[in-house]
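Summary of the model geometry
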Amino acid sequence: MDLNHSVFQAGQMLNAPVEETDLEKRLGLYQVFSKLYEQNRSLLDEILELENIDSSAGGKMTPRYIVGMVQQGQPYLLTNLLGEQSQNLYQAQCCWLIGRAPDVALSFPDRRLSRYHAVIQYVQREACFCLVDLQSTNGSFVNGEAVRYRQRLAEGDRIRVGSLSIQFYASPEAQRLPSLPTEVSRLLDLGNEENLEPWNELQQLSPEDTQTFMQGGRSELDLSEQIARHQGKII
């Protein structure tokens, strides 16, 4: 059955005679759209992804994403799933729960999500992030394929859980770049030791210093003020 024929069948179901019961119509539509999903899964996944684009901030289109990060041996997630701004999420067992329950790391009031639906897990021995389905009712998917138990995640993978479509990126280690060319440093006036001092201090910040919640310690406001002071010295 091709796409055009499936759509034609769906139209026939919607225009069925009044004497047919609602149950028969619903069953017929379910069968048609099941076939559509089997044959055009990527198209329907793209439709779901469009439903999950946040356009609340001045009409700006912001896709949902998760970046698996490892800095100085410490795995964490960088994501915009919990608000308008990206946040760093640290978890002692390197497991980030996704679900409908309010006590999970990534909690969403989505009726298609199970209470404890899936986990993004960092597997130390394999040095990779994985998606683990927790026997959820509606399943978890990576690039349109059902996750039977654990699926290793790669750069650019598309995760779908419930009605959420999430783009995944991986950054296993930070890379230290070489110094700027001399002429660029001169233009930025970076040759002065006083100007270099704030940047040297910022390089000493640990991953925990950029954390905004999940543990106690330096607050986001304190960190912002510190960075502002450093920038003020340079300017």
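Just above sits the structure.
Residues numbered from 1 in each chain as written. Predicted model: local features only at pLDDT ≥ 70, side-chain atom pairs only at ≥ 80, totals over all residues. Heavy atoms only, no water.

Moving on to the side chain of S114. Within the secondary structure layout, S114 lies in the loop between β5 (106-107) and β6 (118-123). The residues touching S114, leaving out its near neighbours within four places in the chain, are G99, R100, S136 and T137. (Helix = DSSP H or I, 4+ residues; strand = E, 2+ residues; numbered from the N terminus. Contact = heavy atoms within 4.5 Å.)

This part is about the environment of F129. By the secondary structure assignment, F129 is in strand β7 (residues 128-133). When the C-alpha atoms of F129 and A154 are compared, they prove to be 8.0 Å apart, with 25 residues separating the residues in sequence.

Okay, unusual backbone geometry next. Even without being glycine, Q72 reaches a positive phi, approximately 50°. The residue Q72 is located in the loop between β1 (65-71) and β2 (74-79) in this model.

For the rest of this paragraph, the subject is the sheet that holds strand β10 (residues 150-152). Taken in spatial order, the five strands make up an open sheet running β5-β4-β6-β7-β10, and their pairing is mixed. Two strands close off the open sheet at either side, each with one partner strand: β5 and β10. Summarising the sheet, strand β4 (residues 95-99) and β5 pair through two bridges and their orientation is parallel. Residue pairing in the sheet places I98 in a bridge with L106 of β5. (Pairing = 2+ DSSP bridges.)

Here we come to the state of the cysteines. Summed over the entire model, instances satisfying the criterion amount to zero disulfides. C94 provides the cysteine sulfur closest to C95, a residue in no disulfide bond, and the two sulfurs are 7.0 Å apart. Classification of C95 by relative accessible area gives partly exposed; the value is 27%. No disulfide involves C128; its nearest neighbouring cysteine sulfur is the one of C130, lying 3.7 Å away. A residue is classified by how much of its surface remains accessible, and C128, at 5% relative accessible area, is buried. (Disulfide = S-S within 2.5 Å. Buried < 20%, exposed > 50% of the residue type's maximum accessible area, 1.4 Å probe, protein only.)

Read these as geometric descriptors, not functional statements.
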